[in-house]
Amino acid sequence: VAICMPMLYSLIMKKSICALLASVSWFMGAMDSFMFWYLVSNSSFCDHQEINHFFCDLKTLMKLSCRGAETIKIVIIVASAVLGFLPFCLILISYANIISSVSKIRTAAGKLKIFSSCGSHLTVVLLFCGTCLSLYMKPDSGNSQENEELLSLLY
């Protein structure tokens, strides 16, 4: 909105809209965390096992579970699609609109200023969403432990 429609920014992005967007994001994140906490806390784990990972990642915990992991795997894929892939696609669409708007700017200094700020944001989005989505949405394979450790470390 700030780049594509700068004159309408103050009309569209009111304090109430910003508060609503932040509240919805926090609420969705809290509900996602609570859902996975509940599912993992009701899982059963076989014997005493050591986690071969940097931290207690959800997919790593599911490998140690005796039963109930299939439900959590399905929930992981659905949550990743809704809370990860959909926003990622919307961000890419918004950047396509930004690039279209910036291409209409005549001065090179104006283009450089916008591309420098948007470039760093897009890099962070690609690193965060790319590693997160590839970690949680890729199918399990037999030799993926090292890949999962690397992706979770980047994530």
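Nothing here was measured: the structure is a model prediction, and the numbers come from that model.

**A word on the overall build of the chain**
Reasoning step 1: Assigned secondary structure in the chain consists of six helices and two strands.
Reasoning step 2: Along the chain direction, N to C, the helices and strands of the chain fall in the order α-α-β-α-β-α-α-α.
Reasoning step 3: Within the chain, the fraction of its 155 residues that count as buried is 25%.
Reasoning step 4: The contacts in the chain between residues at least 6 apart in sequence include a share of 54% that link residues at least 24 apart.
Reasoning step 5: Counting only carbon and sulfur atoms, one obtains 70% of the accessible surface of the chain, whose full area is about 10,800 Å².

**A few points about helix α4 (residues 69-102)**
Reasoning step 1: For α4, built from 34 residues, the straight-helix expectation of 50 Å at 1.5 Å per residue is met to within 8% by its first-to-last C-alpha distance of 47 Å.
Reasoning step 2: Helix geometry: α4 is bent most strongly at alanine 81, by close to 35 degrees.
Reasoning step 3: Regarding α4, the residues found buried are Ala69, Ile72, Ile76, Ala79, Ser80, Gly84, Phe88, Tyr95, Ile98, Ser101 and Val102.

**Focus: the nonpolar core**
Reasoning step 1: Counting 13 residues, the largest nonpolar core has Phe36, Val40, Leu58, Met62, Ile72, Ile76 and Tyr136 as its most contacted members.
Reasoning step 2: Elements with a contribution of two residues or more to this core: α2 (15-41), α3 (58-64), α4 and α5 (108-137).
Reasoning step 3: The greatest single-element share of this core, amounting to four residues, is contributed by α4.
Reasoning step 4: Setting aside anything within four residues of it in sequence, one finds isoleucine 76 in contact with Phe36, Leu58, Lys59 and Tyr136.
Reasoning step 5: In terms of nonpolar packing, the next biggest core, distinct from the first, is built from five residues, Tyr95, Ile98, Val102 and Cys118 among them.

**Focus: the UniProt feature "transmembrane region" (unreviewed entry) in the chain**
Reasoning step 1: The UniProt record annotates "transmembrane region" (unreviewed entry) at residues 17-40, 72-93 and 114-137.
Reasoning step 2: When the span residues 17-40 is considered, its composition is 100% helix and 0% strand, and the gap between its end C-alpha atoms is 35 Å.

**Notes on a nonpolar patch on the surface**
Reasoning step 1: On the surface, Leu20, Val24, Phe27, Met28, Met31, Phe34, Trp37, Tyr38, Ile74, Val78, Val82 and Leu83 cluster together into a nonpolar patch covering about 1,200 Å² of accessible area.
Reasoning step 2: Mapped by element, the contributors of at least two residues to the nonpolar patch are α2 and α4.
Reasoning step 3: Element by element, the count of residues in the nonpolar patch is highest for α2, at eight residues.
Reasoning step 4: Among the secondary structure elements, phenylalanine 34 is positioned in helix α2.

**Section: the packing of α4 against α5**
Working note: a packed helix pair is described by the angle between its axes plus the distance between those axes.
Reasoning step 1: Their axes nearest at 10 Å, the elements α4 and α5 cross at an angle of 160 degrees. Compared by their axis directions, α4 and α5 come out roughly antiparallel. The chirality of how α4 crosses α5 is left-handed.
Reasoning step 2: For the contact of α4 with α5, the class distribution of residues is 21 nonpolar, three polar and one charged.

**Side note on the environment of lysine 59**
Reasoning step 1: By the secondary structure assignment, lysine 59 is in helix α3.
Reasoning step 2: Residues lysine 59 and isoleucine 76, 17 residues apart in the sequence, show an inter-C-alpha distance of 8.8 Å.

**Here we look at the environment of phenylalanine 45**
Reasoning step 1: Looking at the secondary structure, you find phenylalanine 45 in strand β1 (residues 44-45).
Reasoning step 2: Of the residues examined, phenylalanine 45 reaches a relative accessible area of 37% and is grouped as partly exposed.
Reasoning step 3: In sequence terms phenylalanine 45 and leucine 64 are 19 residues apart; their C-alpha atoms lie 6.0 Å from each other.
Reasoning step 4: Beyond its immediate chain neighbours, meaning those up to four positions away, phenylalanine 45 contacts Val40, Leu61, Leu64, Ser65 and Cys66.

Criteria and thresholds
- Residues numbered from 1 in each chain as written.
- Predicted model: local features only at pLDDT ≥ 70, side-chain atom pairs only at ≥ 80, totals over all residues.
- Heavy atoms only, no water.
- Helix = DSSP H or I, 4+ residues; strand = E, 2+ residues; numbered from the N terminus.
- Buried < 20%, exposed > 50% of the residue type's maximum accessible area, 1.4 Å probe, protein only.
- Contact = heavy atoms within 4.5 Å.
- Areas by Shrake-Rupley, 256 points an atom, 1.4 Å probe, with all protein chains shown as cover.
- Expected span 1.5 Å × (residues − 1).
- Bend = angle between axes of the 7 residues up to and from the residue.
- Core = buried A, V, L, I, M, F, W, Y, C linked by side-chain atoms within 4.5 Å.
- UniProt positions renumbered as here; feature names shortened; annotations may be inferred.
- Patch = residues over 30% accessible without salt bridge, like charges linked within 9 Å, V, L, I, M, F, W, Y side chains within 5 Å.
- Salt bridge = Lys/Arg side-chain N within 4 Å of Asp/Glu carboxyl O.
- Axes fitted to C-alpha atoms, helices over the stretch in contact; angles between N-to-C directions.
- Parallel < 35°, antiparallel > 145°, perpendicular 65-115°, else oblique.
- Left-handed = near helix turned anticlockwise from the far one by under 90°.
- Nonpolar A, V, L, I, M, F, W, Y, C, P; charged D, E, K, R; others polar.

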